[in-house]
Amino acid sequence: MIKPLEDILVVDFSQFLSGPSASLRLADLGARVIKVEKPETGDICRQLYVSNLIMNGDSSVFHAINRNKESFVADLKSEIGRNEVWELVKQADVVMHNFRPGVMERLGFDYEAVKLVNPEVVYGEISGYGDEGPWRDKPGQDLLVQSLSGLTGLSGNGDKGPVPMGIAIVDILTGAHLAQGIMACLVRKGISNVGGLVQVSMMESIVDFQFEVITTYFRDGGEPTVRSLKNNAHAYLGAPYGIYRTSNGYMAIAMASIPQLGELLNCPALLEYQEVASWFNERDQIKSILAKHLLGGTTEQWLAILEPADVWCSDVLTWEKLMQHEGFKVLDMIHEVTMGDGYRYRTTRCPIKIDGEYLLSKKGAPKLGEHTAAIIEEMLVKHTLGK
């Protein structure tokens, strides 16, 4: 298939997760992504491990977030390095970065400077907290932004402390928002030959992620958020919403009628809660009754009762069990990619399907500077000679 972003050139200065996750999606959609890295160390993500697992000399997370890209090494403090990168920037459809405010200005590759040599460029940038205000220069790190944003006050039981999400949710959401903005500007560029500046911040992205509960918070008169003390899974939803232990594992139950659960599960104590308001006002009492009752049977037994009755419920799977399940296998979500030196590894594929086909690429992450010489020959020397 011809991918939607074929012939789009992205020059990507970004590091670690948020920016590279955006350029990963652009690459999946067909764009050519040239990753500009500094000599010797490259992207800090090459050495910043989420575990002690090293894959072909670099961290596992680097391989996951930088597949299907090219690596171009340049010393931006040297005249030669800057000149080489300027030649790339002049030919780019998209230039992007995720440095703190002011860094690209000091390097000389800020939007206004780039626009002078490439007026139709789409320029994307990610910051931690925007380009003004007292948090402007604060580190834009995922856990820190989660903690400042109020997100950690929504998970975990109410008698426990704040709970962060166990993945870099802020980085990935921010990258998705940047990719959306870039693609919108590419559409405009295709129509009117007008580029644009796309700016997103990690704080704005994670606040937007909470749009549902923040709207509820204001409708509630700004009352403090109160998490359930028992089996909390949503700070504003009533019983039975949560994850419960069974005799052999766990199960999840979403929104459901409490009296109906009482009848289906043969739990008379739940039949007392006929009023919908009580499912919110007395949710901890209800959850305590339900939690104790569910310990008396297996997950499979309870699901066999509730699922035919159209109660929203499910097993709670580990990755091992998930990947053995036919419901997951049919998605073919895991695929193998190969690096230029032949190293192979398994990772997730792009989740988007276009015209009935998935956007697949077998190209793994680049070694540091792997494509520098070829890019100089292809794009810099030939472009200079062609002038």
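For the structure, see preceding data.
Note that this is a predicted model, so its numbers are computed, not measured.

Some thoughts on the overall build of the protein chain
Then step 1. Check the secondary structure of the protein chain and you find 16 helices and 15 strands.
Then step 2. Taken along its principal axes, the extent of the C-alpha atoms in the protein chain is 85 × 45 × 45 Å.
Then step 3. Burial analysis of the protein chain (387 residues in total) assigns 45% to the buried set.
Then step 4. Here the contacts in the protein chain between residues at least 6 apart in sequence split such that 69% fall between residues at least 24 apart.

A few points about the state of the cysteines
Then step 1. Inspection of the entire model under this criterion finds zero disulfides.
Then step 2. Here Cys 45 is not cross-linked by a disulfide; its sulfur's nearest cysteine counterpart is in Cys 350, at 19 Å.
Then step 3. Judged by relative accessible area, Cys 45 falls into the buried class, the value being 0%.
Then step 4. Unpaired in terms of disulfides, Cys 267 finds its nearest cysteine sulfur in Cys 313, a separation of 16 Å.

Structural notes on the pairing of strand E2 (residues 32-37)
Then step 1. Among the six residues in E2, five count as buried, and that is most of the element.
Then step 2. Regarding topology, helix H1 (residues 18-28) serves as the crossover connection from strand E1 (residues 9-12) to the parallel E2, and that connection is right-handed.
Then step 3. Pairing of E2 with strand E5 (residues 70-73), which is carried by four bridges, proceeds in the parallel orientation. Across the sheet, residue Lys 35 finds its bridge partner in E5, namely Ser 71.

Quick look at the sheet that holds E2
Backbone-to-backbone hydrogen bonds join strands into a sheet, with any given pair of strands oriented parallel or antiparallel.
Then step 1. With parallel pairing, the six strands of this open sheet are ordered in space as E5-E2-E1-E6-E7-E8. The open sheet has two free edges, formed respectively by E5 and strand E8 (196-201), since each of these has just one partner strand. Ignoring strand direction, the axes of neighbouring strands in this sheet form an average angle of 20 degrees.
Then step 2. One ladder, built from four bridges, connects strand E6 (residues 94-97) with strand E7 (residues 122-127); its direction is parallel. By the bridge assignment for E7, Val 95 is matched with Tyr 123.
Then step 3. Sheet contacts for helix H8 (residues 202-209): E7 and E8; angle to E8, the most-contacted strand, approximately 65 degrees.

Regarding the nonpolar core
Then step 1. One finds Val 10, Leu 26, Leu 178, Ile 182 and Ile 206 to be the most contacted residues of the largest nonpolar core, which totals 35 residues.
Then step 2. Where this core is concerned, the elements lending two or more residues are H1, E6, E7, helix H7 (169-192), E8 and H8.
Then step 3. In terms of residue count, the dominant contributor to this core is H7 (eight residues).
Then step 4. Not counting residues up to four positions away in its chain, the partners in contact with Val 10 are Leu 26, Ala 31, Arg 32, Val 33, Ile 34, Val 94 and Met 96.
Then step 5. Judged by nonpolar contacts, the second largest core, of 26 residues, contains Val 36, Ala 113, Val 114 and Met 379.

Quick notes on the rules
- Along each chain, numbering runs from 1 in the same order as the chain's sequence is written.
- The predicted nature of this model means local features are confined to residues of pLDDT at least 70 and side-chain atom pairs, given and counted, to a pLDDT of 80 or more, with totals for whole chains, interfaces and linings taken over all residues.
- Computation of side-chain values: all heavy atoms of the structure, hydrogens and water removed.
- Put simply, DSSP H or I for four residues or longer makes a helix, DSSP E for two residues or longer makes a strand, and each gets a number counted from the N terminus.
- Relative accessibility thresholds used throughout: buried, under 20% of the residue-type maximum; exposed, over 50%; partly exposed, between the two (1.4 Å probe, protein chains only).
- Whether two residues touch is decided by their heavy atoms; if any such pair falls within 4.5 Å, the residues are in contact.
- Note on disulfides: each one is a pair of cysteine sulfur atoms within 2.5 Å.
- With the strands pointing away from the viewer, any crossover whose connection runs clockwise from the first strand over the helix to the second is right-handed.
- If DSSP finds at least two bridges between two strands, the strands pair.
- For helices, the axis comes from a line fit to the C-alpha atoms of the stretch in contact; other axes are also lines fit to C-alpha atoms, and the angle between any two N-to-C directions lies between 0 and 180 degrees.
- For the purposes of this section, nonpolar cores are sets of buried Ala, Val, Leu, Ile, Met, Phe, Trp, Tyr and Cys residues that join through side-chain atoms within 4.5 Å.

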